[in-house]
Amino acid sequence: MKPWRDTMHLDVCGGCNAKIGAGDLSTILRNLPIYKREDILAGFEGNEDGAIIQITDDIAIVTSLDFFPPMVEDAYAFGKIAAANALSDIYAMGAEPISAMNIVAFPEEEDIAILDEILKGGAEVCKEAMTTLTGGHSIHDPKIKYGLSVIGKLNLKDIKRNNTPKVGDALYLTKPLGVSLLMSGYTVDEVSKEDYQAAVDSMCRLNKHPYDVLKNYDVHALTDVTGFGLLGHLCEMTDGASAVIYADKLNILSGAKEAAENFLFTAGGQRNRNAYGDKIAFEIDDFALEEVLYDPQTSGGLLISVDPDDGKKMFDEMKKKGIDVAYIGEMIEPSEKSIYVR
C-alpha cells in the first residue's frame, strides 16, 4: 500500500470544515416543500442532530447521516473519525445507535487498499459503539469521501432536544476545541506533530462514553459541537435563554490558539463568524480565542445544558472515567445577545 500522504494530500477543507455555511443552508431549506407526517416528531426545522420517528406510544427511532472528505493523512484514522462523527448525532439526541450503513465516494483510479483501511477504521468504531454495520452505498468520485447513515432507538421520555435549556443550567463540553485550526496549520507545517496527533486522537474518540454518563442526570438540552463551531451550536441551544461562556474555563487543544494567532484561519470558521457574529458579545479582547470558538469541529464533544447540582456530579463521574470534560459556562435570563464571552 502506498503511503497515505503520497496518494492524496491533506484536504484543508476536509471534515466538518467542508460543511455548507449555516446562513446559505437555512435559506435553501426554508423554501423546500415538506410533507408533514404526524409520526415525524423532529426534522430539520429545529436544526436538530437527527430526525425522530415515533414507532409506538413509548418507542421512537432516530436517523441521521454524515460524511465528508479527509482531514487527516492516515486512512484508518479518517475512517474512525468519520464514523465517530456520524454516530455522535445519535448520542446527541439521547438515543442508542443500533445500525449503520457506509457512504463511500472513491476515485476509480485510486489504490483500493486505501478504501480498505478507511472502512476498517469505520467498522472498528461501529464495533466499539455496539452498532451493527448493515451495508452501504459506494460511487466513483474524483475526491474521497466517507461517512455513515445511522439509526438509533430511544424511549420517548428520554429524548434530548438541542433547544430546551433552563435558566441557571450549567454548560459542559466533553472534548477540547480547535481541531480544524490544527488540521489546517499542519498542512502548512505550522503545527507540531504532537499537537496534530492530539487533535486526531480527540476526533477518534466516541461520544458514547460521555453519553453513557449523562443519561443518568437531569440534562435539559443536548447537542454535539461540529461544523458550526461551539458558538454556532450554542446559539441553536439558546431558546428562551442566553448563555455565558467563561474564557478561562475552556478546554483548548495545544497549538490551536497559537495557529489562530498566526492567522491560520479556516474557511468554515469565517462562515460561522458571518452566520452567528451578530448574536455574540465578546467582552474580552482576544481575537485568537474568537477564532477557536468559531472553529468548525469534526467529531467534537457533546454540549450539555444540565441542572447545576447534577452537573457537578456528572462532571466528577466523567472525569473518573477519563473523559476530557470541562465546565464552560451557564444559561442566564434572555438578553440582547444569545451568547456573552467573558
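Residues numbered from 1 in each chain as written. Predicted model: local features only at pLDDT ≥ 70, side-chain atom pairs only at ≥ 80, totals over all residues. Heavy atoms only, no water.

**Some thoughts on the domain arrangement of the protein**
Moving on, step 1. For the protein, the assigned domains are domain 1 (15-155) and domain 2 (169-341).
Moving on, step 2. Domain 1 and domain 2 are separated by 21 Å when their C-alpha centres are compared.
Moving on, step 3. With 32 residues of domain 1 at the contact, the number on the domain 2 side is 34 residues.
Moving on, step 4. Where domain 1 abuts domain 2, roughly 2,500 Å² becomes buried across the two surfaces, and 58% of that area is made up of carbon and sulfur atoms.
Moving on, step 5. Our count for the contact surface shared by domain 1 and domain 2 stands at 1 salt bridge.
Moving on, step 6. Linking K193 and E73 is a salt bridge whose minimum nitrogen-to-oxygen distance equals 3.0 Å.
Moving on, step 7. Inspection of the region where domain 1 meets domain 2 yields 7 residue pairs in polar contact (both at pLDDT 80 or more).
Moving on, step 8. Breaking the side of domain 1 that touches domain 2 down by element, the ones donating at least two residues are α2 (22-30), α3 (75-91) and α4 (112-128).
Moving on, step 9. The leading source of residues in the side of domain 1 that touches domain 2 is α3, at 9 residues.
Moving on, step 10. When the residues that make up the side of domain 1 that touches domain 2 are grouped by side-chain class, the tally is 17 nonpolar, 8 polar and 7 charged. (Domains from an automatic or database assignment. Contact = heavy atoms within 4.5 Å. Buried area = accessible area lost by both parts, 1.4 Å probe. Salt bridge = Lys/Arg side-chain N within 4 Å of Asp/Glu carboxyl O. Polar contact = N/O pair within 3.5 Å; in protein donor to acceptor, adjacent residues only side chain to side chain. Helix = DSSP H or I, 4+ residues; strand = E, 2+ residues; numbered from the N terminus. Nonpolar A, V, L, I, M, F, W, Y, C, P; charged D, E, K, R; others polar.)

**Re helix α8 (residues 229-237)**
Moving on, step 1. Of all the 9 residues making up α8, 9 are buried; the element is thus mostly covered by neighbouring parts of the structure.
Moving on, step 2. Every buried residue of α8 is accounted for by G229, L230, L231, G232, H233, L234, C235, E236 and M237. (Buried < 20%, exposed > 50% of the residue type's maximum accessible area, 1.4 Å probe, protein only.)

**So, the UniProt feature "domain: PurM-like N-terminal" (unreviewed entry) in the protein**
Moving on, step 1. The UniProt record annotates "domain: PurM-like N-terminal" (unreviewed entry) at residues 48-153.
Moving on, step 2. Here residues 48-153 is 32% helix and 41% strand, with 16 Å between the C-alpha atoms at its ends. (UniProt positions renumbered as here; feature names shortened; annotations may be inferred.)

**Details of the packing of aromatic side chains**
Moving on, step 1. Across all of its chains, the model carries 10 aromatic pairs by this definition.
Moving on, step 2. Where F265 meets F287, the ring centres are 5.7 Å apart and the plane angle is 65°; that geometry is what we call edge-to-face. Remark: F287 occurs in helix α11 (residues 287-294) and F265 occurs in the loop between α9 (256-261) and α10 (267-276); sequence separation between them is 22 residues.
Moving on, step 3. With relative accessibility at 29%, the residue F265 sits in the partly exposed group.
Moving on, step 4. Members of the aromatic cluster, each reached through a chain of ring pairs, are F68, F78 and Y146. (Phe/Tyr/Trp six-rings, centres within 6.5 Å; stacked < 30°, edge-to-face > 60°.)

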